[in-house]
Amino acid sequence: MAHTSRIRQIGWLLILSMCGALFLALTFKVNAVKSDVRLLERQIIASERSKLMLETEFQTRASQMQLAAWNQVEFGYSAPRADQYVEHERQLAVLGTPRGLDAPQPIRVAKADTTPSENEGLFEDWLGDDEQGAETIALAAAHVDEPAQRFANSLAQRLSRPAAASVAMAEVGR
């Protein structure tokens, strides 16, 4: 019996060592497959990023072509040509010729409204102490034709008159 028991022990030891070797081989195989999967996942992510970049590039180029079509058809824009650049100051001076007889009036700059508002008393405390500042404000206000400005018919008439507050502040600043 000792002999059979010894053979059984050796058999179990061989079976156990074979199972350990198979387990070790299976572990290496699983890790190799996992590493291949990770590598493929990285390649998939890189391909998706490349695809996204190419889609963005395609959309950008498509919108550039659309913008170029709009520029040609609707807006009439085109890239500057070499003959459109001035070479020296004299060519630039020729461009500044005076307006012709049929030329439209230049666009006027908008000015502040002279009607009393809540903000006109903002610097009143500082300007009230200075007698010269008070006289300057009074003179500036006298120059403005208030009834004509109140009944101005067009925006151009209202914008062409200087604002009393801005004139007064400019005079005080001097």
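Quick caveat: nothing in here was measured; it's all calculated off a predicted structure.

Conventions and cut-offs
Residues numbered from 1 in each chain as written. Predicted model: local features only at pLDDT ≥ 70, side-chain atom pairs only at ≥ 80, totals over all residues. Heavy atoms only, no water. Helix = DSSP H or I, 4+ residues; strand = E, 2+ residues; numbered from the N terminus. Buried < 20%, exposed > 50% of the residue type's maximum accessible area, 1.4 Å probe, protein only. Areas by Shrake-Rupley, 256 points an atom, 1.4 Å probe, with all protein chains shown as cover. Salt bridge = Lys/Arg side-chain N within 4 Å of Asp/Glu carboxyl O. Patch = residues over 30% accessible without salt bridge, like charges linked within 9 Å, V, L, I, M, F, W, Y side chains within 5 Å. pLDDT = per-residue confidence, 0-100.

**Let's talk about the overall build of the protein chain**
Within the protein chain, the secondary structure is distributed over seven helices and zero strands. Reading the helices (α) and strands (β) of the protein chain from amino to carboxyl end gives α-α-α-α-α-α-α. Each of the 174 residues in the protein chain was classed as buried or not, and the buried ones make up 6%. If you sum the accessible surface of the protein chain, you get close to 16,000 Å²; carbon and sulfur atoms cover 61% of it.

**A short note on the pattern of salt bridges**
On inspection of all chains with the given rule, the structure shows three salt bridges. In this structure, the salt-bridge partner of Glu55 is Lys51, at a minimum N-O distance of 3.9 Å. Of the two residues, Glu55 and Lys51 both sit in helix 1 (residues 2-75), four residues apart, roughly one turn of that helix. Measuring nitrogen to oxygen at the nearest pair gives 3.2 Å for the salt bridge that ties Asp83 to Arg81. Residue classification places Asp83 among the exposed residues on the basis of a relative accessible area of 59%. Under the relative-accessibility criterion, Arg81 is labelled partly exposed at 45%.

**What about a nonpolar patch on the surface?**
Together, Leu67, Trp70, Phe75 and Tyr77 make up an exposed nonpolar region whose accessible area comes to about 450 Å². Take Tyr77: it is sitting in the loop between helix 1 and helix 2 (89-95).

**Here's the deal with the confidence of the model for the protein chain**
Should the pLDDT be low somewhere, the predicted coordinates at that spot are not to be read in detail. With 62% of its residues at a pLDDT of 70 or more, the protein chain shows a mean pLDDT of 75. Across the protein chain, element-level confidence peaks in helix 1 with a mean pLDDT of 91 and bottoms out in helix 5 (residues 146-150) with 49.

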